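Summary of the model geometry
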Amino acid sequence: MTTLVLDHASRVYDAAVPVIALDRASINILQGDFVAIEGPSGAGKSTLLNILALLDVPTTGTYLINGVDTAGMREKELATLRCETFGFVFQSFHLLPHRTALDNVMIGLLYHNVDVAEAMARAQQALEFVGLGERAGVPAGSLSGGERQRVAIARAVCAGNPVLLADEPTGNLDSASSTAIMDILESLNASGTTVVVVTHDPAVAARAGRRVRVVDGRLSETGVATVSSADAKRATAAPFARAESVALPVQEKQTQAARRRSRRLPLVARRAMLRDVLLSLTTEPGRTARLVAVVVLSIMLALSTMGIAQTAKYQVSAAFDATRNRRVAIAVDTGALDSTSSMLALAVTDPEAMTRIRAIPGVQDAMGITTLSEIPAATSAYAPTTDARLFGISTVPDSSTLLEVTATPVGFSQLEDDQVLIGSTAASRLGIGPLEASPTLWVAGRPYEIAGVVTSAGMRPELTDGIVLTQARARDIGEVESTGVEIQVRAGAAGQVARVAAVAWSPEYADAVTTDAPPDPSSLRESIEPSVNTVLLTLTAVATVVGVAVLSNAMTSAVQARTGELALRRAMGARPRNLRRLVSLESLLIGITGGMIGAVGSVVALLIVAITQQWQPVIDLRMLPLGIVLGIANGLLSSLWAAHRAGRIQPAQALR
Ligand code: ADP
Ligand code: MG
């Protein structure tokens, strides 16, 4: 039982010249009335209908529904009242083309707290009522115009609301389809539903009980009820009686708890809305895929920078461990020579000294090196001489990180007293010929066999520009400047070896010996890590912010593109909050999906980078949940603006 009373209602649109679309209109509509609204284009018919449907509010005047003034109602109450009272049919159908006829009709029940199974059954029943029971599974986009309008009517009536408002429902249809639509409206009216229909078509209007003419916003009633006998019809049940679960909002005072409970959606409605969101994401896979792709890219960017930075960091310390970290040197320099010359002589000649060093746990290889003064050298007794520094070594080490030698045909396993190694740079300076020719080198008036060319000497690159002899021979022909031992240790053993190496080498003069070992790796890492982490976090944050900005943009344009659909949902009873929730939930699901794909994608990207760079990949499995969390955050943050926009859509404007 619904009575609608419009009393001196005007609607003025703000414009450069304000438009008075409705001018002091008054009309009473009783339950069971069949009202046709006629009038030329631009007369104000749609404005009137929108005000009746609570999609718009009059600028002045009053609108009472069942005697209650609607002027003081808040948006939430208006939405509930709209949802419980009106069904709305538009000239241009406003169906979701990708969804089936049945799903379209179900949107009419989405905001009625009806569970999915019941909504399906009632939607099917409504489709059968409009003669489309067989077409339930067909996407709305593939239906004919007449069929689409029948689906729209089924959507408007499936909730069993007492009033049906139709704005030029036959405006886009041929006459046969128009007749079918009018038959449906008549049969609805016959079962007690109030029908208000805007039409241009006199044939259509002739079938209504009351005819109201609108000209320049003014209403005048031309025909008086001939068919309508409202009281007689009221008793008949509407074809879609309201379900028990559909209840008007509780007007009386609520307790705090009850209010909180009523604010929470019933489970059935949540399930229906989740289904709706899933449908809206899956029926337009292209749109969804584009949005997911945005999240995937942002998450991949964030996680791969993080992962690659971590791998690179590991790579740096691995490289560090492989060279610098595995070298300990002990030395006595020139300044200490006078006071320790006897020790030096001992250290240089004492074969036991090197044996003791090699015996230290963690030592892999060791080579004693004595640096001497420069001395003239030449390729033959008569050739001009060139100065080169002289080095004496204790043994040729196995380890190429200490000394890398390319042997000449003369060859060697350990250097003999009449053999030399020549540094690669020195060799070119001295003009030493091809190695195949077994060249000799004259040093201090004596020939030596060249046994090999030193191509690299680890931490002592000066050896590549010198002449290397046995320590005993070098000491005889040159002046000792300093002496020491290069030691290669196992990764991590440097500190421990450094502590005892000096004593092992020369127990007596250990105090005069300086030991050079790499800094403690853990403290080094501690000094590197904060800066690496800052860079890493900055990159990740930038990637996330960019992702949120891009998705936010995309979500907002998606909302804009769907203004019609969202406004339609408002006409079907959705509150702004429902629309905000719809957009946020869609965005959240897009975020989760994008987060998962992005997390897996970045692991793959990381593997590819590591494999192509031949790095040891450092894959932190926490990246997977982190990706999902980032995706969720991205989805929720991005939806804020879009959801806000969705909530602000004005249905009357958007559905024109
Ligand atoms: P009808 O449905 O009878 O064709 P409308 O109710 O749509 O007419 O419009 C009535 C008048 O109000 C028209 O002159 C129209 O241009 C004007 N109008 C409608 N909506 C707006 C609006 N949002 N802003 C300004 N003028 C509007
Ligand atoms: Mg109109």
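Scroll up a little and you will see the structure.
Description of the structure in this document. (Residues numbered from 1 in each chain as written. Chains lettered and ligands numbered in written order. Predicted model: local features only at pLDDT ≥ 70, side-chain atom pairs only at ≥ 80, totals over all residues. Heavy atoms only, no water.)

**Re the pairing of strand 11 (residues 327–332)**
Counted only if it meets this: Burial classes: relative accessible area under 20% of the type maximum marks a residue as buried, over 50% as exposed, and values in between as partly exposed (1.4 Å probe, protein chains only). Under the scheme used here, helices are H or I runs from DSSP no shorter than 4 residues and strands are E runs no shorter than 2 residues, and both carry numbers assigned from the N terminus. In short, DSSP must find at least two bridges between two strands for them to pair.
With five of six residues buried, strand 11 lies mostly within the body of the structure. Looking at chain direction, strand 11 and strand 20 (residues 514–516) are connected through three bridges and run antiparallel. Each bridged residue has a counterpart across the sheet, and for I330 the counterpart in strand 20 is T515.

**Details of the sheet that holds strand 2 (residues 19–29)**
Selection rule: Here, residues are in contact when the closest pair of their heavy atoms is within 4.5 Å. Lines are fitted to the C-alpha atoms to define the axes, a helix being fitted only along its stretch in contact, and any angle between axes, read from their N-to-C directions, falls within 0 to 180 degrees.
Strand order in the open sheet formed by four strands is 2-1-4-5, and the pairing between neighbours is antiparallel. The open sheet has two edge strands with one neighbour each: strand 2 and strand 5 (68–69). Relative to strand 4 (residues 60–65), strand 1 (residues 4–13) is paired through five bridges, and the arrangement is antiparallel. Bridging from a neighbouring strand, D7 pairs with T62 of strand 4. Against the sheet, helix 1 (residues 45–52) makes contact with strand 1, strand 2 and strand 4, and its axis sits at roughly 125 degrees relative to strand 1, the strand it touches most.

**Some details on empty space enclosed by the protein**
Formally: A cavity, in this analysis, means grid points on a 1 Å lattice covering only the protein atoms where a 1.4 Å probe fits yet has no way out; a pocket is instead an open set bounded by protein on both sides within 12 Å along at least five of seven lines, and a residue lines either one if it has an atom within 4 Å of a point. Grid points are joined across faces, edges and corners, and a volume is the space filled by probe spheres set on the points.
Taken as a whole, this structure holds four cavities of 30 Å³ or more when the rule is applied. Its boundaries defined by the atoms lining it, the largest cavity holds a volume of some 110 Å³. M106, L110, A272, R275 and D276 are the residues nearest the centre of the largest cavity, which is lined by 13 residues in total. Looking at the lining of the largest cavity, the elements with two or more residues in it are helix 3 (101–106), helix 4 (116–129) and helix 10 (267–282).

**Some thoughts on the nonpolar core**
Put simply, the test is: To qualify as a nonpolar core, a set must consist of buried Ala, Val, Leu, Ile, Met, Phe, Trp, Tyr and Cys residues joined through side-chain atoms within 4.5 Å.
Formed by 116 residues in total, the largest nonpolar core has its most connected members in L6, I37, L52, L127, I153, L165 and L185. Among the elements that line this core, the one with the most residues is helix 11 (residues 285–322), at eight residues. Excluding anything up to four places from it in sequence, L127 contacts A101, L102, V105, L132, G133, A136, V151 and A154. Counting residues in hydrophobic clusters, the runner-up holds 22 residues, among them V332, A498, A501 and A510.

By themselves these figures say nothing about function.
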